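Listed below, chain by chain, are the residues.
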Amino acid sequence: MILIVYKVVVLKYSVIIPVYNAERTLSRCVNSILNQDFNDYEIILVNDGSKDKSLEICNDFSDKYENIFTINKENGGASSARNAGLDHARGDFILFVDSDDYVEDHYFFEFEKYGYNDGWVIFKDSWEVGDRIIRKTINAGINDAERIEKYKYLIASRMINSPCAKRFDRKIIENNRLRFNTDMIVAEDFDFGLRYLFLCKNITVADVSVYIYNATSSGSLVRRKKENLIDVYPLVFDAAFKTIFESDFNEDEKTQLCRICDMLHVESFGTCVMEEFKDDGKLPKEIKKEIKNMCIKFYSRYKGGYGYQNIIHFVMRLCIKHKWSNALYILGKSYVEMRSRRIK
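Per chain, residues are indexed from 1 in the order of the written sequence. Per-residue local features are limited, in this predicted model, to residues with pLDDT of at least 70; the limit for side-chain atom pairs, both in listing and counting, is 80 or more; totals at the level of whole chains, interfaces and linings are taken over all residues. Heavy atoms throughout the structure, all of them, feed into the side-chain values; hydrogens and water do not.

*Asks:* Can you explain the pattern of salt bridges? Please cite residues and give values.
*Replies:* Basic side-chain nitrogens of Lys or Arg form a salt bridge, by our definition, when they fall within 4 Å of a carboxyl oxygen of Asp or Glu. In total, this model carries 23 salt bridges according to the counting rule given. For the salt bridge of Glu 104 with Arg 135, the shortest nitrogen-to-oxygen distance reads 2.8 Å. Highlighted residues: Glu 104 in the loop between strand S5 (102–103) and helix H4 (107–111) and Arg 135 in strand S7 (residues 132–135), separated in sequence by 31 residues. Buried residues are those whose accessible area, probed at 1.4 Å on protein chains only, stays under 20% of the maximum for their type, while exposed residues exceed 50% and partly exposed ones sit between those limits. Classification of Glu 104 as buried rests on a relative accessible area of 14%. For Arg 135, a relative accessible area of 39% translates into the label partly exposed. With its nearest N and O atoms 3.4 Å apart, the salt bridge here joins Lys 152 to Glu 149. Here the residue Lys 152 and the residue Glu 149 both occupy positions in helix H5 (residues 147–156), the gap between them amounting to three residues, near one helical turn. A residue is classified by how much of its surface remains accessible, and Glu 149, at 35% relative accessible area, is partly exposed. Residues joined by salt bridges that share partners form a network here, namely Arg 82, Asp 98 and Asp 189. Going along the chain from the N terminus, every DSSP run of H or I of four or more residues is numbered as a helix, and every run of E of two or more is numbered as a strand.

*Asks:* Describe in detail the packing of H5 against helix H7 (residues 188–197), supporting the description with residues and values.
*Replies:* Here H5 crosses H7 at 170 degrees, and the two axes come no closer than 11 Å. Judged on the interaxial angle alone, H7 and H5 are roughly antiparallel. Seen from H5, the contacting residues are Tyr 151, Leu 154 and Ile 155; seen from H7, they are Phe 190, Leu 194 and Leu 197. We call Asp, Glu, Lys and Arg charged. Ala, Val, Leu, Ile, Met, Phe, Trp, Tyr, Cys and Pro are nonpolar, and the rest, Gly among them, are polar. For the contact of H5 with H7, the class distribution of residues is six nonpolar, no polar and no charged. Axis definition: a line fitted to C-alpha atoms, limited for helices to the stretch in contact. Angles are taken between N-to-C directions and run from 0 to 180 degrees. Put simply, angles under 35 degrees are roughly parallel, angles over 145 are roughly antiparallel, angles from 65 to 115 are roughly perpendicular, and the rest are oblique. The criterion used for residue contact is that any of the two residues' heavy atoms lie within 4.5 Å.

*Asks:* Describe helix H2 (residues 54–64), listing the residues and the values that go with them.
*Replies:* Owing to its 3.6 residues per turn, the α-helix brings residues three or four apart onto one side. Those residues of H2 that fall on the buried side of the exposure criterion are Ser 54, Ile 57, Cys 58, Phe 61 and Ser 62. Along H2, the residues classed as buried sweep out an arc of 130 degrees about the axis, all on the same side. Set apart from the buried face of H2 by more than 90 degrees, the exposed residues are Asp 63 and Lys 64. Looking at the buried residues of H2, the elements they touch are strand S1 (11–19), helix H1 (26–34), strand S2 (41–48) and strand S3 (68–73). In this description, one arc is meant: the one made by directions from the helix axis to the C-beta atoms.

*Asks:* An account of the pairing of S1 is requested, with residue identities and associated values reported.
*Replies:* Counting buried residues along S1, nine of its nine residues qualify, which places the element largely inside the surrounding structure. Note on pairing: two strands pair once DSSP finds at least 2 bridges between them. The pairing of S1 with strand S4 (residues 91–96) spans five bridges and is classified as parallel. In the sheet register, Tyr 13 faces S4, and the bridge partner there is Phe 93. Sheet analysis places S1 next to S2, joined by seven bridges and oriented parallel. Bridge pairing in S2 links Val 19 to Asn 47. Throughout, right-handed denotes a crossover for which the path from the first strand over the helix to the second runs clockwise when the strands point away from the viewer. Taken together, S1, H1 and S2 form a β-α-β motif whose crossover is right-handed.

*Asks:* Summarise a nonpolar patch on the surface; cite the residues concerned and give the values.
*Replies:* Without a salt bridge and with relative accessible area above 30%, a residue can belong to a patch; like charges are then joined within 9 Å and nonpolar side chains (Val, Leu, Ile, Met, Phe, Trp, Tyr) within 5 Å. Values of accessible area rely on a 1.4 Å probe in the Shrake-Rupley scheme; residue burial ignores everything except the protein chains shown. Together, Tyr 308, Ile 311, Ile 312, Phe 314 and Val 315 make up an exposed nonpolar region whose accessible area comes to about 490 Å². By the secondary structure assignment, Phe 314 is in helix H12 (residues 311–321).

Below, the structure written as structure tokens:
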């Protein structure tokens, strides 16, 4: 009789890093994790069809370190890459890191302060802009608030909009077959975060920075026009409203959450307007005509009815309802110019 013993590897953390054309930033990203005074983790590098030397760098790391693994796949986007990482993850907890970002020295140390709390640990955002680090201010006192107030804060503050700087419980993800929606080309992180949020029994917000977003490297991507967003965002927000309606909150609480999602949806309309200014060949009258068409399309499907979260929400709703394309043109152009000066 031959007895075969299989060794089951149990890890605390699986760090998933989607990689696409990241040859300039990938080494800094991975080394920032390797330099931690902690070793109970694996790193899953998912090369998403890179055309530069990213795959070579990934393979160098996985050849050198036995806790680093490389998955090489055809290009399918960040959601597809993260899903591939989730399919191979073995850790109790999931951490997402983007290949152009990096983590701070106390990354694992801070995560280790929190036990197996059957939920979510969320840290505040920090951004690298040029040679500056900008740290976001958050309301850590929200931890003592009622559940509905905590959910409202997390959604309205956009803290759930990125999977990075957060600790996910892999049991929750796998037990609910949770994956990123690859049909969404924008806001897929928000969709994933919102669905995960409603599955958590406990949520902790930590007023500590553990993760640095590289805002500088995304400049060219920010300036590239995204087409037909007015037809894309409904997929995101239809799913968001569905998640809220199916939750165990009472009707008044659902209305409060829907009001916040409607505010975010209206803000996405503003994003659609701003995208029109990236087309250098368009005349002002052509942009205004397109804005008017977007107003008709948006309002015919989403008339609101949840109230207004703030004055900007009210004004934007009013402009959309009455198809005030001139006002929306001025607002959009002003914001684009202000944002351009900020980037410079």
